[in-house]
Structures are given as structure tokens and as C-alpha cells.
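# Per-entry structural report
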Amino acid sequence: MTAPRHILVTADAIGGVWNYTVELARGLVLHGYRTSVAVLGPGPTPAQAAELTAIPGARLVETGLPVDWICADARPVRAAGDVIAALARSIGADIVHANMPTLVASATFDVPVIAVTHGCIATWWNAARQTPLDPAYRWQREMMAEGLARADAVVAPSASYAATVAKEYGLTAAPIVVHNGRTQVLSVGVQEPAPHALTVGRLWDNVKRAEVLDRAAALIDQPFRAAGAVVGPHGERPDLTHLEVLGELDARILAGELARRPVFVSAACFEPFGLAVLEAAQAGCALVLSDIPTFRELWDGAAVFVERDDEAGYATAIRQLFEDPELRRLLGQHAARRARRYTPEATAASMALLYDGLLARQQAAV
């Protein structure tokens, strides 16, 4: 019997990349891969660590290395890349999957490397600020460009974001598109849909446009709740007066909120994929989304779309769904049906196929 191939995945435990990594590790078991996860930034919570290590063959490695977006310059990131390359050699990894492509910029790897771009400072900045990138962050853009160029393959979670990355970094070919997936935590409730709206995300992050939704909340009669971190790593904090802020919620508590099928709203102006939207759709929530390319790609025909930063438009769309229960029910059904396309099994199968191809190419070149 052939021994499982060994993949080293880099991740952080702060946001959606952790969920993506756990789902991937679980799915790869069926494709003959065991996974070591090298965590950068703050370590995982005990619950996160238990979730990963419960997967057959999965191993957790807390590196103490920094994530690039909290570093002041390139030196610690380049050093982190060297450590990851050495770790890959020491554990006998067959392939490296870097969820932080800047790690690939200058390190020397002995095995194929895949860079998966879930977002970057340059593309985030373009959406959030719509001004030239601050010189203080140009080193991050340069390292991202180096990492994408040196990787054996580049992956993005949507065609829309793949096109954005290709344009931003002048890539000769767009990244390979592998949609994210998510396991539904709780089954959909049978009770009447909740009499409120809900948004989920990093409320401090300007691209999530929490302040736009706060203004929309002032224009509707129904409660409008907001789940997610309110304070960012550098002290960022939105000015929220009308949203009912719930703060960060445990995964099962959030799943319970979604299972009540509130009207789910995202005003994000930048979203490479949007796991929170997927989770809401799985629960059968009617979706009200910003009209950005990613959401159109993934949810066209299964959501109501509103122009960027149009708080009156969000309020009108939310009111319409509360006033028309049948439309709300149908939209929730359409969203749930569409969500079935985006499964962790499909993600793992696509990634395993990519890994297999790179390993076969490596073997052929020997």
C-alpha cells in the first residue's frame, strides 16, 4: 500500500484561511495526502488545534513566525520563508502549499510550491482606498510579485479575483481558479425566518463597509445585527451607532444565528471569495450583496445586488424582503441550491489534482 504523500500548508489562525486549511486537510485524506499545518502569527485556540489534530494524519506546527501584514519591512518575512523551507525539508514534505505567497519570494524550496492568494495588500488597497499604494507597503507588493513569479503554480478562490491578481502583478497567465468550500455546521431551522438582518465579517476592516450598513440600519425598522471583530490589529475601529454589534462569535453560535435564516447582508467592496456569504447561503438565508465581480460570479441569480456604498439601496432591498415573505423564501432556496456548488470536497479534489500534476512533473524531470 502506497504511503500517504505529505503536504506542508502554511496558515494563520486569525481568519478565514484557518477554516480553509482545516477543510482542505480533512478533504485531502481521501486523496492520499497527510497534512502538516505551519501556523504563522498568533497560535490557534485549543478548539482550533483540536479540530485540526482530529483529522487523520494531520499535524500542527506552531512556528511563532509573523504574518506579513503586521511586519514593518521585508526582512522578517524573508526569514520566515527560509524557516518554512527548512521545515519542509526536515519533515520530508512532498509539496508546499503557501497560503501566504510572500513566503515564496526568496526562500529555496526543494519540492514544488503552490502559492494560494486569498488576498493581498495591493488589491485590498485598490478597493479600500482607490488611491496609489502607500509607500510604506510597497515592499509587501514587491514580495507578493516575487512569490507569485517563483511559485510552481498560483491559485485564487474565484475567477474574478484571479483576474484582479493577474492585472495587478502583470502575470502572463491568470491564477488557477479553485473555489473555496465550507462544511455546513448546523442544519437549517424549520421555524419562521428571523425578523432581523445580519452581517458577518471583520467589522473594523474598511472593505467590509460596516459603516455603510450602519447608515442603512438607521433607515429600516427591523433590527440589524453585526457579528465580527470590531477592533483591528492596529487599533482600527468603525463608528457604529445603529447596528446591533454582537462581537466575535464561536463557530457553532454563529451557525445557530445563520440557521435562523435572517436576511444576510454583505456590503464588501473587496472579497476574493466570501466564506461568510457561503455559510449564510448554506443555511438558506436570503442574500443582499454588494454588486462586485466576485459576488456576481458566485451568486448571480441567487441574491439581490446593491450598488457599492448605497446605504439607501441596502435599506430598500432589506425592507423588500421583509415585506415579501415569498420572495425571501425563494431567494433563500436559490442561495442554498447555489451553495451546493462550493464544497470542501470539491476544493480538496481540485487541489489534489493540482498537487498530483506537479509531483508527476517533478518525477518526470528527474
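Now for a description of the structure that goes with this document. (Residues numbered from 1 in each chain as written. Predicted model: local features only at pLDDT ≥ 70, side-chain atom pairs only at ≥ 80, totals over all residues. Heavy atoms only, no water.)

### Focus on the overall build of the protein chain
Selection criterion: Every helix listed is a DSSP run of H or I at least four residues long, and every strand listed is a run of E at least two residues long, numbered separately from the N terminus. We compute the radius of gyration over the C-alpha atoms and compare it with the globule rule, which gives 2.2 Å times the number of residues raised to the power 0.38. A simple rule labels every residue: compare its accessible area, found with a 1.4 Å probe on the protein chains alone, to the largest value its type can have, and call it buried under 20%, exposed over 50%, or partly exposed in between. Contacts were defined at the residue level, with two residues in contact if any of their heavy atoms lie within 4.5 Å. In this description, accessible areas are obtained by the Shrake-Rupley approach with a 1.4 Å probe, and a residue is regarded as covered only by the protein chains that are shown. Only four residue types enter the charge count, namely Lys and Arg as positive and Asp and Glu as negative; His and the chain termini do not. In this description, the location of a charge corresponds to atom NZ of lysine, CZ of arginine, CG of aspartate or CD of glutamate.
Broken down by element type, the protein chain carries 13 helices and 13 strands. Since a compact globule built from 366 residues should have a radius of gyration of about 21 Å, the 21 Å found for the protein chain is in line with a globular shape. Overall, the C-alpha framework of the protein chain stretches about 65 × 50 × 40 Å when taken along its three principal axes. By residue count, 54% of the 366 residues in the protein chain fall in the buried class. Taking the intrachain contacts of the protein chain between residues at least 6 apart in sequence as the baseline, contacts between residues at least 24 apart amount to 71%. Total accessible area on the protein chain stands at roughly 15,800 Å², and carbon and sulfur atoms take up 53% of it. A gap of 4 Å separates the mean positions of the 32 positive and 39 negative side-chain charges of the protein chain.

### Focus on the sheet that holds strand β3 (residues 59-62)
In any sheet, the strands associate via hydrogen bonds between backbone groups, in a parallel or an antiparallel arrangement. Counted only if it meets this: Two strands form a pair only when DSSP identifies at least two bridges running between them.
Here 7 strands make up an open sheet; going across it, the order is β3-β2-β1-β4-β5-β6-β7 and the pairing parallel. Lying at the two open borders of the sheet, with one neighbouring strand each, are β3 and β7 (176-177).

### Some thoughts on helix α12 (residues 325-339)
As a reminder of what qualifies: For a helix, the expected span equals 1.5 Å multiplied by the number of residues minus one. An arc is given here, and it is the one of the directions from the helix axis to the C-beta atoms.
The end-to-end C-alpha separation of α12 is 21 Å, in line with the 21 Å expected for 15 residues at 1.5 Å each. By the burial criterion, the buried members of α12 are Arg328, Leu331, Gly332, Ala335, Ala336, Arg338 and Ala339. For α12, the buried positions fall inside an angular range of 160° around the axis, keeping them on one side. Where α12 is buried, its residues contact β11 (263-266), α9 (275-282), β12 (287-290), α10 (293-299), β13 (304-306) and α11 (311-323).

### A look at the packing of aromatic side chains
The way to describe two aromatic rings as a pair is by their centre distance and the angle between their planes. Put simply, the rule is: Put simply, two rings from Phe, Tyr or Trp (the six-membered ring, in Trp's case) pair if the centres are within 6.5 Å, and we call them stacked under 30 degrees between planes, edge-to-face over 60, tilted for the rest. Counted as over-ring charges are cases with an Arg CZ or a Lys NZ within 6 Å of the ring centre that also lie within 35 degrees of the ring normal.
One pass over the full model with this rule turns up 6 aromatic pairs. Their ring planes at 75° and their centres at 5.8 Å tell us that Tyr161 and Phe270 sit as a pair that is edge-to-face. Linking Tyr161 in helix α6 (residues 159-169) with Phe270 in the loop between β11 and α9, this pair joins segments that are 109 residues apart in sequence. Grouping residues by exposure puts Tyr161 and Phe270 together as buried. Here Phe273 and Tyr342 contribute two aromatic rings whose centre-to-centre distance is 5.9 Å and whose plane-to-plane angle is 90°, an arrangement assigned as edge-to-face. Here Phe273, found in the loop between β11 and α9, pairs with Tyr342, found in the loop between α12 and α13 (344-365); they are 69 residues apart in sequence, far enough to count as distant. Residue class for Phe273 comes out buried when judged on its relative accessible area of 2%. Under the relative-accessibility criterion, Tyr342 is labelled buried at 3%. Three or more aromatic residues link up through ring pairs in this structure, and these residues are Trp124, Trp125 and Tyr137. The ring centre of Trp125 lies 4.4 Å from the NZ or CZ of Arg129, which sits over that ring. Between Arg296 and the ring centre of Phe305, over which it is positioned, the NZ or CZ distance is 4.0 Å.

### Digging into helix α7 (residues 210-217)
In terms of residue burial, α7 counts as a mostly covered element, since 6 of its 8 residues are buried. Packed against the buried residues of α7 are β8 (197-200), β9 (224-227), β11 and α11.

### Quick notes on the side chain of Ser266
Put simply, the rule is: Any N or O atom pair separated by 3.5 Å or less is treated as a polar contact, with the protein-specific requirement of one donor-capable and one acceptor-capable atom, and with residues adjacent in sequence counted only for side-chain atom pairs.
By the element assignment, Ser266 lies in strand β11. By relative accessible area, which is 9% here, Ser266 ends up buried. A polar contact is formed between the side chain of Ser266 and the backbone nitrogen of Ala268, at a distance of 3.4 Å.

### Concerning the pattern of salt bridges
The condition is simple: In the sections that follow, a salt bridge refers to a side-chain nitrogen of Lys or Arg positioned within 4 Å of a carboxyl oxygen of Asp or Glu.
Taken as a whole and assessed by the stated rule, the structure comprises 19 salt bridges. Asp300 is the partner of Arg296 in a salt bridge, and the nearest nitrogen-oxygen pair spans 2.8 Å. Asp300 sits in the partly exposed class, given a relative accessible area of 41%. A cluster of three or more residues bridged by salt bridges with shared partners is formed by Glu23, Arg26, Glu51, Arg182 and Glu279.

### Points about the nonpolar core
In plain terms, the rule: Among buried residues, those of type Ala, Val, Leu, Ile, Met, Phe, Trp, Tyr and Cys that are joined through side-chain atoms within 4.5 Å constitute a nonpolar core.
Leu8, Ile84, Val96 and Phe109 are the most contacted members of the largest nonpolar core, which has 28 residues in total. The set of elements that each furnish at least two residues to this core consists of β2 (33-40), α3 (75-91), β4 (95-98) and α5 (138-150). Of the residues forming this core, the biggest block, 7 residues, is contributed by α3. Here Leu8 is in contact with Ser36, Ala38, Ile84, Leu87, Ala88, Ile91, Ala93, Ile95, Val96 and His97, once residues within four sequence places are set aside. Counting 26 residues, the second-largest nonpolar core is a separate cluster that includes Leu275, Leu298, Ala335 and Ala339.

### A closer look at the packing of α5 against α6
Using the following cut-off: Where helices are involved, their axes are fitted lines through C-alpha atoms of the stretch in contact, as for all axes, and angles between N-to-C directions lie from 0 to 180°. Angle categories: roughly parallel below 35 degrees, roughly antiparallel above 145, roughly perpendicular from 65 to 115, and oblique for all the rest. Classes in brief: Ala, Val, Leu, Ile, Met, Phe, Trp, Tyr, Cys and Pro nonpolar; Asp, Glu, Lys and Arg charged; the others, Gly included, polar.
The N-to-C vectors of α5 and α6 enclose an angle of 110°; their axes lie 11 Å apart at closest approach. Taken together, α5 and α6 sit at an angle that is classed as roughly perpendicular. Across from Arg141, Met144, Ala145 and Leu148 in α5, the residues of α6 making contact are Val165, Glu168 and Tyr169. Residue composition of the contact of α5 with α6, grouped by class: 5 nonpolar, no polar and 2 charged.

### Considerations on the pairing of strand β6 (residues 153-156)
Heads up, the rule is: Whether a crossover is right-handed depends on one test, that the path from the first strand over the helix to the second runs clockwise when the strands point away from the viewer.
Burial along β6 is two-sided: the face carrying Ala153 and Val155 and the face carrying Val154 and Ala156 are both buried. In this structure, strand β5 (residues 113-116) lies alongside β6, joined through 3 bridges in parallel fashion. Its bridge partner being in β6, Val116 is matched across the sheet by Val155. What joins β6 to β7 is α6, and the crossover it makes is right-handed.

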